[in-house]
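Structure assessment
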Amino acid sequence: ADGEKDAKKQKQHFDAAEKSFRKATESTDPVVKGSGYYNLGNTYYKQKRYKEAVESYRKSLRANPENDNARYNLELSQRQFKRKRSGNRALINTG
């Protein structure tokens, strides 16, 4: 029961964060907009929603190409997305 309660609380936390970061993505300031997408990407990544994370990091870099953290996290998310899509097999060929 506690695990369910914790999971529900965590989902509410992610939902609130997502709403807040989406608001930042509407900014006309490219740095604020980029940060909003970056943080949205982080939120998706933590939920293992890698495809959405990839999209958010790309939008972050479009808004603010100087964000090296977004670039790094984009690569990481792309790798995780590919791994998840390939059925969690290792990315290295061991054959």
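Look a little higher up for the structure.
Residues numbered from 1 in each chain as written. Predicted model: local features only at pLDDT ≥ 70, side-chain atom pairs only at ≥ 80, totals over all residues. Heavy atoms only, no water.

**A closer look at the overall build of the protein**
When you go through the protein residue by residue, the secondary structure sums to four helices and zero strands. Starting at the N terminus and walking to the C terminus, you meet the elements of the protein as α-α-α-α. Oriented by its inertia axes, the alpha-carbon framework of the protein measures out at about 50 × 40 × 15 Å. Taking all 95 residues of the protein together, 29% fall into the buried category. Pairs at least 24 apart in sequence give 38% of the contacts found in the protein among residues at least 6 apart. Carbon and sulfur atoms make up 48% of the accessible area of the protein, which totals about 7000 Å². In the protein, 22 positive and 12 negative side-chain charges are present, and the distance between their average locations comes to 5 Å. (Helix = DSSP H or I, 4+ residues; strand = E, 2+ residues; numbered from the N terminus. Buried < 20%, exposed > 50% of the residue type's maximum accessible area, 1.4 Å probe, protein only. Contact = heavy atoms within 4.5 Å. Areas by Shrake-Rupley, 256 points an atom, 1.4 Å probe, with all protein chains shown as cover. Lys, Arg positive; Asp, Glu negative; His and termini not counted. Charge placed at Lys NZ, Arg CZ, Asp CG, Glu CD.)

**Here's the deal with the packing of aromatic side chains**
Any aromatic ring pair is given by two values, namely how distant the centres are and how the planes are angled relative to each other. All told, the structure shown has two aromatic pairs when counted by the stated rule. Between the aromatic rings of Tyr45 and Tyr50, the centroid separation amounts to 5.2 Å while the plane-to-plane angle is 65°, which identifies the pairing as edge-to-face. (Phe/Tyr/Trp six-rings, centres within 6.5 Å; stacked < 30°, edge-to-face > 60°.)

**Considering the environment of Lys9**
By the secondary structure assignment, Lys9 is in helix α1 (residues 2–24). With 67 residues separating them along the chain, Lys9 and Leu76 place their C-alpha atoms 27 Å apart.

**Overview of the environment of Tyr45**
Locating Tyr45 in the fold gives a position in helix α2 (residues 30–46). On a C-alpha basis, the gap between Tyr45 and Phe14 in space is 11 Å, while along the polypeptide they are 31 residues apart. Those residues in contact with Tyr45 that sit more than four places away from it in its chain are Tyr50, Ala53, Tyr57, Leu76, Ser77 and Gln80.

**Here we look at the packing of helix α3 (residues 50–63) against helix α4 (residues 68–85)**
The geometry of α3 relative to α4 is characterised by a closest axis approach of 8 Å and an angle of 155° between their N-to-C directions. The angle between the axes of α3 and α4 places the two elements in the roughly antiparallel class. The way α3 lies across α4 gives a crossing that is left-handed. Seen from α3, the contacting residues are Tyr50, Lys51, Ala53, Val54, Tyr57, Arg58, Ser60 and Leu61; seen from α4, they are Ala70, Arg71, Asn73, Leu74, Ser77, Gln78, Gln80, Phe81 and Lys84. (Axes fitted to C-alpha atoms, helices over the stretch in contact; angles between N-to-C directions. Parallel < 35°, antiparallel > 145°, perpendicular 65-115°, else oblique. Left-handed = near helix turned anticlockwise from the far one by under 90°.)

**Brief notes about unusual backbone geometry**
Backbone geometry places Lys48, a non-glycine residue, at a positive phi of 60°. Residue placement: Lys48 occurs in the loop between α2 and α3.

**With respect to α1**
Look at α1: 33 Å from first C-alpha to last across 23 residues, which is about the 33 Å you get at 1.5 Å a residue. Listed in full, the buried residues belonging to α1 are Phe14, Ala17 and Glu18. In the core, the buried residues of α1 are packed alongside α2. (Expected span 1.5 Å × (residues − 1).)

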